[in-house]
Structure formats: structure tokens, C-alpha cells
Amino acid sequence: QVQLVESGGGLVQAGGSLRLSCTASGTIFIFSINAMGWYRQAPGKQRELVAAIGRGGSTNYADNVKDRFTISRPNQNTVYLQMNSLTPDDTAVYYCSAGPSTGRVSNYWGQGTQVTVSS
């Protein structure tokens, strides 16, 4: 089975930064999954795509984060999300994900990591 493990969440003041990390393992992932990304879900809201990146470097960002967040993929099994200028609206559980393309990055999920931004 594919496994995705996130880390890097925590409590930060408004205006601060965090970097989330995700590592993937599993033979199925290595040979069949092209894209990785990050979703988030805030209390009372639906889960939303934050950013995604493909093997060739193609990226997809939500409009409300593209000027502040950066997704990177130094190798095929690792993805980072650098989050700058954080606001309380960014408070959510962040989930690492994987799929066949940046438009379909929801086949596999990590366990989630909590990000809390204080005022």
C-alpha cells in the first residue's frame, strides 16, 4: 500500500512561516503516481486543494495562497509546502495527497497535520 506521512505543523503567530513536509513510500506510488499535493480542511468548511505539483514541475495553486505559499518536490517521493505570511484563515488540518495528475491528486492521503495561526 502507498503511505504518505506529513510533518511540520504547529502553532505560529500571524505573519509567521511554516514548512510542511511529506514523504511517500510504496511500489504502487513509485510506478503509477505522477503528482503530489496538499489539501486543507478548516473547522466547518469543506476540504480544499491548496497546491499540487507533477513530475515535470507543473504546479497548481489555490488563488488565495499562490502569492504566499510555495510547493516544491526535490525528488519523486518528497514534497514540501513553504507557507509564508500566515493568517488565522490558514488554520486547518493539512493533508498530503497523491494522484495521477495535478488535476487528480486525491487518490491517496496522509493522516494530516494541524496548522494553527494565532492572532
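Residues numbered from 1 in each chain as written. Predicted model: local features only at pLDDT ≥ 70, side-chain atom pairs only at ≥ 80, totals over all residues. Heavy atoms only, no water.

Novice: How would you summarise the pairing of strand 7 (residues 69-75) if you had to cite specific residues and measurements?
Specialist: Regular strands have side chains that alternate between both faces of the sheet. Across 5 bridges, strand 7 lies against strand 8 (residues 78-83) in antiparallel orientation. Across the sheet, Ser 72 pairs through a bridge with Tyr 80, a residue of strand 8. Hairpin geometry of strand 7 and strand 8 is characterised by an intervening segment of 2 residues between the two adjacent antiparallel strands. (Pairing = 2+ DSSP bridges. Helix = DSSP H or I, 4+ residues; strand = E, 2+ residues; numbered from the N terminus.)

Novice: An account of the environment of Asn 60 is needed here, citing residue identities and associated values.
Specialist: Looking at the element boundaries, Asn 60 is found in strand 6 (residues 59-61). With 11 residues separating them along the chain, Asn 60 and Leu 49 place their C-alpha atoms 8.9 Å apart.

Novice: Break down the nonpolar core for me, with residues and values.
Specialist: By size, the foremost hydrophobic cluster in this structure holds 28 residues, and its most contacted members are Trp 38, Leu 81, Met 83 and Tyr 94. Each residue touching Met 83, except ones within four places of it in the same chain, is listed here: Gly 16, Ser 17, Leu 18, Leu 20, Arg 68, Phe 69, Tyr 94 and Val 115. (Core = buried A, V, L, I, M, F, W, Y, C linked by side-chain atoms within 4.5 Å. Buried < 20%, exposed > 50% of the residue type's maximum accessible area, 1.4 Å probe, protein only. Contact = heavy atoms within 4.5 Å.)

Novice: Outline the packing of aromatic side chains, supporting the account with residue identities and numerical values.
Specialist: Per the counting criterion, the structure on display carries 2 aromatic pairs. Considering the side-chain rings of Tyr 39 and Trp 109, the 4.9 Å spacing of their centres and the 65° angle between planes classify their relative orientation as edge-to-face. Taken together, the residues Tyr 39 in strand 4 (residues 35-41) and Trp 109 in strand 10 (residues 108-109) connect sequence positions 70 residues apart. Judged by relative accessible area, Tyr 39 falls into the buried class, the value being 14%. With a centroid separation of 6.4 Å and an interplanar angle of 90°, the aromatic rings of Tyr 95 and Trp 109 are classed as edge-to-face. Here Tyr 95, found in strand 9 (residues 92-99), pairs with Trp 109, found in strand 10; they are 14 residues apart in sequence, far enough to count as distant. (Phe/Tyr/Trp six-rings, centres within 6.5 Å; stacked < 30°, edge-to-face > 60°.)

Novice: Got a sec to walk through the sheet that holds strand 3 (residues 18-25)? Specific residues and values, please.
Specialist: The strand order across the open sheet built from 4 strands is 1-3-8-7, with neighbouring strands paired in antiparallel fashion. Where the open sheet ends on each side, the last strands, each with one partner, are strand 1 (3-7) and strand 7. The mean angle between the axes of side-by-side strands here comes to 20°, regardless of whether they run parallel or antiparallel. As paired strands, strand 1 and strand 3 are joined by 5 bridges and run antiparallel to one another. Residue pairing in the sheet places Val 5 in a bridge with Thr 23 of strand 3. (Axes fitted to C-alpha atoms, helices over the stretch in contact; angles between N-to-C directions.)

Novice: Go over the pattern of salt bridges with me, naming the residues and quoting the values.
Specialist: Summed over all chains, the structure comprises 3 salt bridges. The residue Glu 48 makes a salt bridge to Arg 40 at a minimum N-O spacing of 2.8 Å. According to the relative accessible area criterion, Glu 48 is partly exposed, its value standing at 32%. Between Arg 68 and Asp 90 there is a salt bridge; the shortest N-O distance is 2.8 Å. Of the two residues, Arg 68 is situated in the loop between strand 6 and strand 7 and Asp 90 in the loop between strand 8 and strand 9; the sequence distance between them amounts to 22 residues. (Salt bridge = Lys/Arg side-chain N within 4 Å of Asp/Glu carboxyl O.)

Novice: Mind laying out the environment of Gly 10, listing which residues take part and the relevant values?
Specialist: With respect to the helices, strands and loops of the structure, Gly 10 is situated in strand 2 (residues 10-13). With relative accessibility at 25%, the residue Gly 10 sits in the partly exposed group. Not counting residues within four places of it along the chain, the set of residues in contact with Gly 10 comprises Leu 18, Gln 114, Val 115 and Thr 116.

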